[in-house]
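Coordinates in review
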Amino acid sequence: MLVTSVGISTTWGQMMSSISRDIDEETPLQERLNRLTSSIGKVGLAVAFLVLVVLLVRYFTGNTKDENGIREFNGSRTKFDDIMNAVVGIVADAVTIVVVAIPEGLPLAVTLTLAYSMKKMMADQAMVRKLSACETMGSATTICTDKTGTLTLNEMKVTKFWLGLEPVAETGSAYSKVAPFVLQLIQEGVALNTTGSVHKPNKPGSEFEFAGSPTEKTILSWAVLELNMDMEHLTRSCSVVHVETFNSKKKRSGVLLRRKADNTVSAHWKGAAEMVLKMCSRYYDASGIVKDLDNDSMLKLEHIIEGMAASSLRCIAFAHVEVAEEELGDGEGNTMVKVKDNGLTLLGLVGIKDPCRPGVKKAVEACQHAGVNVKMITGDNVFTAKAIATECGILRPNQDTDGAVVEGEEFRNYTPEERLEKVDKICVMARSSPFDKLLMVQCLKQKGHVVAVTGDGTNDAPALKEADIGLSMGIQGTEVAKESSDIVILDDNFASVVTVLRWGRCVYNNIQKFIQFQLTVNVAALAINFVAAVSAGEVPLTAVQLLWVNLIMDTLGALALATEKPTMELMDKLPVGRTKPLITNVMWRNILAQALYQIVVLLTLQFRGESIFSVTSGVNDTLIFNTFVLCQVFNEFNARKMEKRNVFKGIHRSKLFLGIIGTTIILQVVMVEFLKKFADTERLNWGQWAICIGLAAISWPIGWVVKLIPVPDKPLLNFLSTKK
């Protein structure tokens, strides 16, 4: 035996190094948010700089006056301390504008909604290992799913058994008609060519316990319970000379064994029926007679295999060959360490049924309705894969499968250009290896898709790591698969993947609601302060007031809008993918309408409020501040539904939202009525409060009317999209 590679140079080492490497890819939402905050920051800095320049120019040219109407700057007669105080005040106003413009509450909103959804998803059988995966799932355009245990129940059972060209009925008496030595050979092949095990506790009435992979356990269960196989006796009566382990490329496993009773040597093979059949030249019939496997018989057996596969059965074949003693040596006294793989005699075919999960077809249809393409990647043959895919709704009945169903080897042999061209059309990939799954994920990502992948095996780890969202299985999944994934599906059910998708869309939708709400505040505050600074030389909202607005709008607004629960309406929309802008045309319509109304109202109060309401300058400034804050409170209701006119639907279930609205109003009353010196406000009477509330409440009918205005689907501001 020769060691050819160790450590990281081995296949296992390369795979583990690839999944342990940290991929610092930004999620689609992170890319959008970075672009958005950068744009807002630049606009805010520009407005703040203009306000700074205008206020400084007005001050040093003597165009500003104090409360007594006396010009503040009088050249050399003005004290240095007064100049510095005025300049510091102007700089503070400019800095405040920057603080208000930059939505520092956005990270808080994102974190809150991710943490909230993560906690709720745990109750829906999804354990989130990577926080950002919640929102990434909301952008998913394609889901690549396994078959066994995800689309199916993983409750396998042998339902068909063929001996040669004849089916054997599923009854104990039928097996008694099979030649005993043929049954003995099948039992040898099952008991010794397996990675599973059988155990029966010594307690009275106890049942057999089977361990191993789902397929191994099914075959062992069938052999023990139907063929009366005594595994312990068989393993004692034979010694294993050599083992060829199962791999995803050859789809078969073999064992070379020596019988202790007569010292004869046999090779047994088990695996995918079409693979094992190619190695056979003869077959046994039920009477134990060996017959040649001519072209006619081969064709009939192929039809049998295809028929079972078309009935959603996984087909496994058993074959064996007696090995002469001289075949074990190489002529120089050295023993061969290879299981003979030609000239075999076919022992039988079994068909294993794994029923589809209840509700999986409905879940697949929900994904397709939501614009998410579901692709099934399986190790089964094409016919089984087609049957299961049709049963699950991935393929339509009588659908043209040309290009929609491929084998892993075929996909692997495409040129990179052909793969990119054909990958969108593929719905089912059969006889695939973990490398094929990885290759498909890479192709889909190159095409701009946001890809979610389900996997349960160690070999699935690279694809889980490469995908935008890796979904491992909590029951059947290996520890390596779970460590490589972003979300663990605790019940191994595809319906739970749909739940994760809905939560992901909810996260994305909640963040959009907060951005719409936040930008309305920003646009209104920037416009009001800029216009007032340029025209009147002063800003109507003081630094403390703006910071207060910033605090309640960022922190409390984020908490209120980030904890909305998902609705079924979210699954009626197409996925956002990677390229759609974060701020949609609908959001711009709502933002501009509400911001324009607030600007008109507040500037009217700024320039005509004292005369309209016959109040002092201090009371007028308080009216502006109070109306501005209450406008945001009422607009928070509008932000709950970006497209629906009924913004109160389901509000009774959002207790946290109502609590935060109440808290905001109470804090605002305290700010106006009791913190006069701190907030630079004046107390308002009941009539003035009613005026503020009335002006703010008009936000609701405006929001209702504005939502009647249709908007185009094409983004108005392409620079906010992540890709042009």
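Check the entry above for the structure.
Just so it is clear, the model here is predicted, and its values are computed rather than measured.

Here we come to the overall build of the protein chain. The number of helices and strands found in the protein chain is 26 helices and 19 strands. In terms of overall dimensions, the protein chain is more spread out than a globule: its C-alpha atoms have a radius of gyration of 36 Å, far above the 27 Å expected for 724 residues. Each principal axis of the C-alpha distribution contributes one length, and for the protein chain these read about 120 × 55 × 50 Å. Residue burial in the protein chain is summarised as follows: out of 724 residues, 52% are buried. Sequence-distant contacts, at least 24 apart, represent 72% of the contacts inside the protein chain between residues at least 6 apart. Summing over all exposed atoms, the protein chain offers an accessible surface of approximately 33100 Å²; the carbon and sulfur share of this is 58%.

Read from one edge to the other, the open sheet built from eight strands follows the order β1-β19-β18-β17-β2-β14-β16-β15, with strand pairing classed as mixed. The open sheet terminates on both sides in strands that have one partner only, identified here as β1 (126-128) and β15 (405-407). Going from strand to strand, the sheet's axes swing by 20 degrees on average, the running direction of each strand aside. Two strands pair when backbone bridges link them, and β15 and strand β16 (residues 428-430) are joined in this way by three bridges, in the parallel orientation. Looking across to β16, one finds that Val406 is bridged to Met429.

Now for the packing of aromatic side chains. Per the counting criterion, the structure on display carries 11 aromatic pairs. Seen in terms of ring centroids, Phe634 and Trp700 are 4.9 Å apart; in terms of plane orientation they differ by 65 degrees. Their pairing is edge-to-face. Residue Phe634 is found in helix α22 (residues 617-640), and its partner Trp700 is found in helix α26 (residues 699-706); the two are separated by 66 residues along the sequence. The class for Phe634 is buried, based on a relative accessible area of 15%. Linked through ring pairs, Phe634, Phe637, Phe648, Phe657 and Trp700 together constitute an aromatic cluster. Between the NZ or CZ atom of Arg640 and the centre of the ring of Phe657, over which it lies, the distance is 5.6 Å. Over the ring of Trp704 we find Arg645, and its NZ or CZ is 5.6 Å from the ring centre.

Further remarks concern the environment of Cys692. By the secondary structure assignment, Cys692 is in helix α25 (residues 686-697). On the basis of relative accessibility, which here comes to 0%, the residue Cys692 falls in the buried class. For Cys692, the residues in contact, after removing those within four places along its chain, are Leu623, Asn626, Thr627, Leu630 and Leu684.

This paragraph deals with the nonpolar core. Core analysis: the largest hydrophobic core is formed by 70 residues, its most contacted members being Met137, Ile394, Val428, Ile469, Ile487, Phe494 and Ile515. Here this core gets 13 residues from one element, more than from any other, and that element is helix α19 (residues 494-536). Non-local contacts of Phe494, meaning those with residues more than four positions away in its chain, are made with Ile143, Thr145, Thr150, Leu151, Arg357, Val360, Ala363, Val364, Cys367 and Val374. The next biggest cluster of nonpolar side chains, apart from the first, holds 45 residues, and it includes Ala560, Ile599, Phe628 and Ala639.

A grouping of Lys119, Lys120, Lys565, Arg653 and Lys655 is seen on the molecular surface, where their side chains present a positively charged patch. Mapped onto the elements, Lys120 comes out in helix α4 (residues 105-123). Here Lys120 falls in the partly exposed class, since its relative accessible area comes to 32%.

Of all the 11 residues making up strand β12 (residues 313-323), 10 are buried; the element is thus mostly covered by neighbouring parts of the structure. Pairing analysis gives eight bridges linking strand β9 (residues 265-272) to β12, with the strands arranged antiparallel. Bridge pairing in β12 places Gly271 opposite Ala317. Two strands pair when backbone bridges link them, and β12 and strand β13 (residues 344-353) are joined in this way by eight bridges, in the antiparallel orientation. By the bridge assignment for β13, His320 is matched with Thr345.

Time to look at the side chain of Asn635. Its location among the elements puts Asn635 in helix α22. Asn635 gets classed as buried once you look at its relative accessible area, which sits at 3%. Look past the residues within four positions of Asn635 in its chain and what remains in contact with it is Phe517, Thr520 and Gln594.

One pass over the full model with this rule turns up two cavities of 30 Å³ or more. Within this model, the largest cavity holds a volume of roughly 60 Å³. For the largest cavity, the full set of lining residues is Gln516, Asn590, Ala593, Gln594, Asn635, Asn638, Gly703, Val706 and Lys707. Secondary structure elements with two or more residues in the lining of the largest cavity: α21 (585-613), α22 and α26. For the lining of the largest cavity, the element with the highest residue contribution is α21, accounting for three residues. The class makeup of the residues in the lining of the largest cavity is two nonpolar, six polar and one charged. In this structure, the second largest cavity spans a volume of roughly 40 Å³. Residue lining of the second largest cavity: Lys147, Met156, Ser312, Leu313, Arg314, Ile352, Asp354, Asp380, Thr384 and Ile388, and that is the complete set. Going through the elements one at a time, β12 and α13 (382-392) are the ones with two or more residues in the lining of the second largest cavity.

Taking 1.5 Å per residue, 24 residues should reach 34 Å; α22 reaches 36 Å between its end C-alpha atoms and fits that length. Burial runs high along α22: 21 of the 24 residues are buried.

Tallied over the entire structure, the rule returns 19 salt bridges. The residue Lys437 makes a salt bridge to Asp146 at a minimum N-O spacing of 2.6 Å. Taken as a pair, Lys437 in helix α16 (residues 434-446) and Asp146 in the loop between β2 (142-145) and β3 (157-163) lie far apart in primary sequence, 291 residues in all. You'll find Lys437 and Asp146 in the same group, each marked buried. Taking the shortest distance from any N to any O, the salt bridge between Lys445 and Glu466 comes out at 3.9 Å. Placement of the pair is Lys445 in helix α16 and Glu466 in helix α17 (residues 461-466), with a sequence separation of 21 residues.

Our focus in this paragraph is the pairing of strand β18 (residues 469-473). With five of five residues buried, β18 lies mostly within the body of the structure. Alternating positions in β18 separate into two faces, Ile469, Leu471 and Met473 on one and Gly470 and Ser472 on the other, with burial throughout. The sheet contact formed by strand β17 (residues 451-455) and β18 spans four bridges and is parallel. Within β18, the position partnered with Thr454 by the bridge is Leu471. Where β18 lies against strand β19 (residues 487-489), three bridges are found, and the strand directions are parallel. Pairing of Leu471 across the sheet is with Ile487, part of β19. In this fold, β18 hands off to helix α18 (residues 479-484), which returns the chain to β19; that crossover is right-handed.

Cut-offs used in this document
- Residues numbered from 1 in each chain as written.
- Predicted model: local features only at pLDDT ≥ 70, side-chain atom pairs only at ≥ 80, totals over all residues.
- Heavy atoms only, no water.
- Helix = DSSP H or I, 4+ residues; strand = E, 2+ residues; numbered from the N terminus.
- Rg over C-alpha atoms; globule rule 2.2 N^0.38 Å.
- Buried < 20%, exposed > 50% of the residue type's maximum accessible area, 1.4 Å probe, protein only.
- Contact = heavy atoms within 4.5 Å.
- Areas by Shrake-Rupley, 256 points an atom, 1.4 Å probe, with all protein chains shown as cover.
- Pairing = 2+ DSSP bridges.
- Axes fitted to C-alpha atoms, helices over the stretch in contact; angles between N-to-C directions.
- Phe/Tyr/Trp six-rings, centres within 6.5 Å; stacked < 30°, edge-to-face > 60°.
- Lys NZ or Arg CZ within 6 Å of the ring centre and 35° of its normal.
- Core = buried A, V, L, I, M, F, W, Y, C linked by side-chain atoms within 4.5 Å.
- Patch = residues over 30% accessible without salt bridge, like charges linked within 9 Å, V, L, I, M, F, W, Y side chains within 5 Å.
- Salt bridge = Lys/Arg side-chain N within 4 Å of Asp/Glu carboxyl O.
- Lys, Arg positive; Asp, Glu negative; His and termini not counted.
- Charge placed at Lys NZ, Arg CZ, Asp CG, Glu CD.
- 1 Å grid on protein atoms, 1.4 Å probe; cavity = no way out; pocket = protein on both sides within 12 Å on 5 of 7 lines; lining within 4 Å.
- Points joined across faces, edges and corners; volume = space filled by probe spheres on them.
- Nonpolar A, V, L, I, M, F, W, Y, C, P; charged D, E, K, R; others polar.
- Expected span 1.5 Å × (residues − 1).
- Right-handed = clockwise from strand over helix to strand, strands pointing away.

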